[in-house]
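An overview of the molecular structure
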Amino acid sequence: MTLRSTRRGLATGAAVLPAFFFIGSARAQSGGSTLDRVTSSKQLRMAVVSASPPYFVKDMVSGAWSGAAVEMAKGIASVWDAKLVFVETTWGNSVLDLQSNKIDIAFALNPTPQRALAIGFTRPYITAPFGCLAKAGFNPKTWDDLNKPDVRVCFDIGSLHETCARRFTPKAQLTGYKSIDECILALQSGRADAEVLAATIGLSTVGKNPSMGPYHLLTTPAVSLPSCYGIQREPDTRFKEVVDAWIDFNRGIGTIREQMINGLALNGVKPDQIPSDLSF
């Protein structure tokens, strides 16, 4: 998931109540299901979010998009021999974009119950574990290593990082900041001993700031949350079935893992920085 990826997980699916109105009107305008539209138009409209490696990176000179989600989308579009159409948005607006039929698919979303009221989800393409970055000399391996009164744990407010910190380290000195960047500054300045982060974000942070490594996966318990593709909720389930089949096949042959590793590399993450027990 990127420096914004875990905020996706706690988003409550804005405008849930109008969702069905949007879906109904969008369907009327499109004249058919997602599968019918992609099949006839030979276009797959995907959400893209700038400056969000490993999923999205935009070349500011050429305007070209790269990243793990872009490569996944290419593979999915190839099922229909379709062209990708990039619709730039934000993580927070991607749910609304699906509801209003601006896009066919949004990548790297945590399927929260609130979001599931508004949009559909594919099956997970990865299950992302959680851990932390820690001050030099501190090498936590379990949540209990953080869950102590003398340990200062920080997180970005309103994220799944906060959810995990409050659930698994309630005895620690907990401090919330407005952004991950502020958490990083707290860790660098010695105001925090550890920052709770999802693996993809933690690794991307280390890639940009090698002095902050390594990233520590935490166990006992191992905490992992699924990442899925968001799709329009509709009676016709064929589009979801095709994408689910693509996910199962490409997870099985290792394509998605390769795409994730290559996406992390865009943020400077080297293969030897990826924990051996981290699976995609």
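The coordinates are above.
Let us look at the structure shown here. The shown structure was predicted, so the numbers you read here are calculated from the model rather than taken from an experiment.

Some points on the pattern of salt bridges
Between side chains of opposite charge, a pair can form when the charged atoms approach closely. Scanning the entire structure with this criterion turns up eleven salt bridges. Between Arg238 and Asp36 there is a salt bridge, with the nearest N and O atoms lying 2.9 Å from each other. Linking Arg238 in helix H11 (residues 238-252) with Asp36 in helix H3 (residues 34-41), this pair joins segments that are 202 residues apart in sequence. Exposure remark for Arg238: the relative accessible area of 36% places this residue in the partly exposed category. For Asp36, a relative accessible area of 36% gives the class partly exposed. Between Asp248 and Arg123 there is a salt bridge, and its shortest N-O distance comes to 2.9 Å. Of this pair, Asp248 sits in helix H11 while Arg123 sits in the loop between strand S6 (120-121) and strand S7 (126-134), and the two are 125 residues apart along the sequence. Judged by its relative accessible area of 40%, Asp248 falls in the partly exposed class. Using a relative accessible area of 36% as the deciding quantity, one classes Arg123 as partly exposed. In the salt-bridge network here, residues are joined through shared partners; they are Asp36, Asp236 and Arg238.

Points about the packing of aromatic side chains
Applying the stated criterion across every chain, the model contains seven aromatic pairs. Seen from their ring centres, Phe56 and Trp65 are 6.4 Å apart, and the 90° between their planes marks the pair as edge-to-face. The exposure class of Phe56 is buried, given its relative accessible area of 1%. Using a relative accessible area of 12% as the deciding quantity, one classes Trp65 as buried. Seen from their ring centres, Phe107 and Tyr229 are 4.6 Å apart, and the 55° between their planes marks the pair as tilted. Of the two residues, Phe107 sits in strand S5 (residues 105-109) while Tyr229 sits in strand S12 (residues 224-231), which places them 122 residues apart along the sequence. Among the aromatic residues, those joined into a ring-pair cluster are Phe56, Trp65, Phe86 and Trp91.

Calculation notes
Residues numbered from 1 in each chain as written. Predicted model: local features only at pLDDT ≥ 70, side-chain atom pairs only at ≥ 80, totals over all residues. Heavy atoms only, no water. Salt bridge = Lys/Arg side-chain N within 4 Å of Asp/Glu carboxyl O. Helix = DSSP H or I, 4+ residues; strand = E, 2+ residues; numbered from the N terminus. Buried < 20%, exposed > 50% of the residue type's maximum accessible area, 1.4 Å probe, protein only. Phe/Tyr/Trp six-rings, centres within 6.5 Å; stacked < 30°, edge-to-face > 60°.

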